[in-house]
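Results of the structural survey
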Amino acid sequence: MKESKTKKLGLQNYKPLREVVFEYLRNSILNGELEPGERLMELQLAEQLGVSRTPIREAIRKLELEGLVEMIPRKGAYVADLSIKDVLDVLEVRMFLEGLAAYLAAERMSEEEIEELKSILEKFENSIESKDREEMIKLDKQFHDKIIEGSKNSKLMQIVQGLHEQFQRFRVIYFNEYSEHEQLLKYHQAIVEAISKRDCEKAQEYAQTHIAMIEESILSWKKKNKLSQ
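Below you will find a few notes about this structure. (Residues numbered from 1 in each chain as written. Predicted model: local features only at pLDDT ≥ 70, side-chain atom pairs only at ≥ 80, totals over all residues. Heavy atoms only, no water.)

Here is a general trend for soluble globular proteins: nonpolar side chains tend to be buried in one another's company. Counting residues in hydrophobic clusters, the biggest one holds 48 residues, and the most contacted among them are Ile147, Ile195 and Ile218. Per element, the largest residue contribution to this core is 12 residues, and it comes from helix α5 (residues 84-108). Aside from chain neighbours lying at most four places away, what touches Ile218 is Ile84, Val87, Leu88, Leu91 and Phe170. Counting 20 residues, the second largest nonpolar core, distinct from the first, contains Leu30, Ala46, Val51 and Ile60. (Core = buried A, V, L, I, M, F, W, Y, C linked by side-chain atoms within 4.5 Å. Buried < 20%, exposed > 50% of the residue type's maximum accessible area, 1.4 Å probe, protein only. Helix = DSSP H or I, 4+ residues; strand = E, 2+ residues; numbered from the N terminus. Contact = heavy atoms within 4.5 Å.)

Right, dumping it as structure tokens:
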């Protein structure tokens, strides 16, 4: 049992155990497998992953420093809640940076990269038709990452990647609760069309409008089960 769990953690990568455990728990939080408000039990996690409690404890402390875990006195460690304000703050910055990225991508992406972007878009459309939310989440991230990569600006890529990681937890909730996926598809299609035509201004406009639409939908929710004010 422990051997299979250890293999699952990817110890074949020869990373320190504490780093492997940290990355596993961090990804579990970002991908929504560990939900906001969920308690992190050291013993339970240690048994589940086939490790001692020490790397679990070290990983939880590191996650607390990143703001992904909250330590509550006399109660223990919990996955930190998502704040609507925090999400909106991230989107506010994303709106302008991803607009810039789309502008640059329309100017700098190779024809091969544009075809790859179209392929991601097609798969995204198929995932909507099949109502495969897990696939939608994965492909939505791939779509935005591809455009950022297409900007060919390493500093922009670095900054936006950090924002994407902060947004990933909400992306899971968003796709599970927001039903109008066709509207998301239309914005993606408009962005791809503008990039394909090398229309920098339109690519920027559609990318920013896309993020603004997400902001509006969040504001319309007000309070939701897994989001605090």
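Note: strand β2 (residues 69-72) against strand β3 (residues 76-79), 4 bridges, orientation antiparallel. Looking at β3, one finds that Ile72 is bridged to Gly76. Linking two consecutive strands that pair antiparallel, namely β2 and β3, is a turn of 3 residues; a positive phi of about 65 degrees is found at Arg74 within it. (Pairing = 2+ DSSP bridges.)

What follows concerns the packing of helix α6 (residues 111-129) against helix α7 (residues 133-150). The geometry of α6 relative to α7 is characterised by a closest axis approach of 9 Å and an angle of 160 degrees between their N-to-C directions. In terms of orientation, α6 and α7 fall into the roughly antiparallel class. Handedness of the crossing formed by α6 with α7: left-handed. Judged by residue contacts, Glu113, Glu116, Leu117, Ile120, Lys123, Phe124, Ser127 and Ile128 of α6 engage Glu135, Met136, Leu139, Asp140, Gln142, Phe143, Lys146, Ile147 and Glu149 from α7. A breakdown of the residues in the contact of α6 with α7 according to their chemical character gives 8 nonpolar, 2 polar and 7 charged. (Axes fitted to C-alpha atoms, helices over the stretch in contact; angles between N-to-C directions. Parallel < 35°, antiparallel > 145°, perpendicular 65-115°, else oblique. Left-handed = near helix turned anticlockwise from the far one by under 90°. Nonpolar A, V, L, I, M, F, W, Y, C, P; charged D, E, K, R; others polar.)

This next bit is on unusual backbone geometry. The phi dihedral of Lys152 falls on the positive side, at around 60 degrees, and the residue is not glycine. On the secondary structure map, Lys152 appears in the loop between α7 and α8 (154-177). Of the residues examined, Lys152 reaches a relative accessible area of 43% and is grouped as partly exposed. The backbone of Arg198 sits at a positive phi, close to 60 degrees, despite the residue not being glycine. Looking at the secondary structure, you find Arg198 in the loop between α9 (181-196) and α10 (200-221).

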